[in-house]
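A structural walkthrough
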Amino acid sequence: MPTAVDVPVTIDAPAPPSPDAELVRGLASGSVELSAHIDPAHGVVFVTYLEASPSGRSGVRRSTRRLCGAAAARDAALRARLREAVQQATDNESMECSGDECVVSGMEYQPAYRLRLGRTPDGTRVLLGAMQLSEAALSEEWMERVQAYVAQGLAAARSRPCPR
């Protein structure tokens, strides 16, 4: 007669959130001080590159601005962008952090958020860029233009220090 054997059941537990995802959530909620996580030398680059709305009325919207020092920490649009990214990540269950970037994917006509991170010489994790970009279901040509625009904005910010 066969003997019953207890076999342990393996349950895939969700992976713990990455430290970078936790940092982004804390910055968005205000539980982590934004000013402590902004590179004082280069600030934060705020990039928008969005396709026309479904109605096509608004056309392509794109802008880049750099926020330095205390102005970056007080900027309502930066904090709002971080909150929007975290909310979209919660809704879509999708904030992926690897290397120096956290990405919240978008769906059709929903922008993606790319949050670029770096480290100061003392090792503090800092927010370098907060991008809101149309990426879903768009051509390679579009994506190349978006990536070039983002790279140009980040490079321009790194090329000259923030005023002290």
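To keep things clear, this report deals only with the structure shown in the data block. (Residues numbered from 1 in each chain as written. Predicted model: local features only at pLDDT ≥ 70, side-chain atom pairs only at ≥ 80, totals over all residues. Heavy atoms only, no water.)

**Concerning the state of the cysteines**
Keep this limit in mind: What counts as a disulfide here is a pair of cysteine sulfur atoms lying within 2.5 Å. Secondary structure follows DSSP: runs of H or I at least 4 residues long count as helices, runs of E at least 2 residues long count as strands, and numbering of each begins at the N terminus. Think of it in three bands: residues with accessible area under 20% of the maximum for their type are buried, residues over 50% are exposed, and the middle band is partly exposed, with areas taken using a 1.4 Å probe on protein chains only.
Applying the stated criterion across every chain yields a total of 2 disulfides. Shown here is the disulfide that connects Cys68 with Cys162, its sulfur atoms set 2.0 Å apart. Between Cys68 and Cys162 the sulfur-sulfur dihedral comes to about -75°; the bridge is accordingly left-handed. Of the two residues, Cys68 sits in the loop between strand 2 (61-67) and helix 2 (69-74) while Cys162 sits in the segment after helix 4 (140-159), which places them 94 residues apart along the sequence. For Cys162, a relative accessible area of 5% translates into the label buried. Each sulfur in the disulfide pair Cys97 and Cys102 lies 2.0 Å from the other. With the S-S bond torsion at 110°, the cross-link from Cys97 to Cys102 turns out right-handed. Classification of Cys102 by relative accessible area gives buried; the value is 0%.

**Remarks on the nonpolar core**
Selection criterion: What we call a nonpolar core is a set of buried Ala, Val, Leu, Ile, Met, Phe, Trp, Tyr and Cys residues that are connected through their side-chain atoms within 4.5 Å.
Judged by nonpolar contacts, the single largest core of 25 residues is most densely connected at Leu78, Leu82, Met95, Leu115 and Leu127. Residue assignment for this core shows that the elements contributing at least two residues are helix 1 (19-29), strand 1 (44-50), helix 2, helix 3 (76-92), strand 4 (101-104), strand 5 (112-119) and strand 6 (125-133). Membership of the second largest hydrophobic core comes to 12 residues, among which are Trp142, Met143, Val146 and Leu154.

**Quick look at the sheet that holds strand 5**
Inclusion rule: Whether two strands pair comes down to DSSP finding at least two bridges between them. Inter-axis angles, ranging from 0 to 180 degrees, are taken between N-to-C directions of lines fitted to C-alpha atoms, where helices are fitted over the stretch in contact. Note on contacts: a residue pair is in contact if any heavy atoms of the two residues lie within 4.5 Å.
Taken in spatial order, the 6 strands line up as 2-1-6-5-4-3 in an open sheet, and their pairing is mixed. Looking at the sheet topology across the chains shown, the edges are occupied by strand 2 and strand 3 (95-98). On average, each strand axis in the sheet is tilted by 15° relative to the strand beside it, whichever way the strands run. By the bridge criterion, 4 bridges tie strand 4 to strand 5 in an arrangement that is antiparallel. For Val103, the partnering residue across the bridge sits in strand 5 and is Arg114. Helix-sheet contacts for helix 1 involve strand 3, strand 4, strand 5 and strand 6, and the interaxial angle to strand 3 is about 125°. Relative to the sheet, helix 3 contacts strand 1, strand 2, strand 3, strand 4, strand 5 and strand 6, its axis offset from that of strand 6 by approximately 75°.

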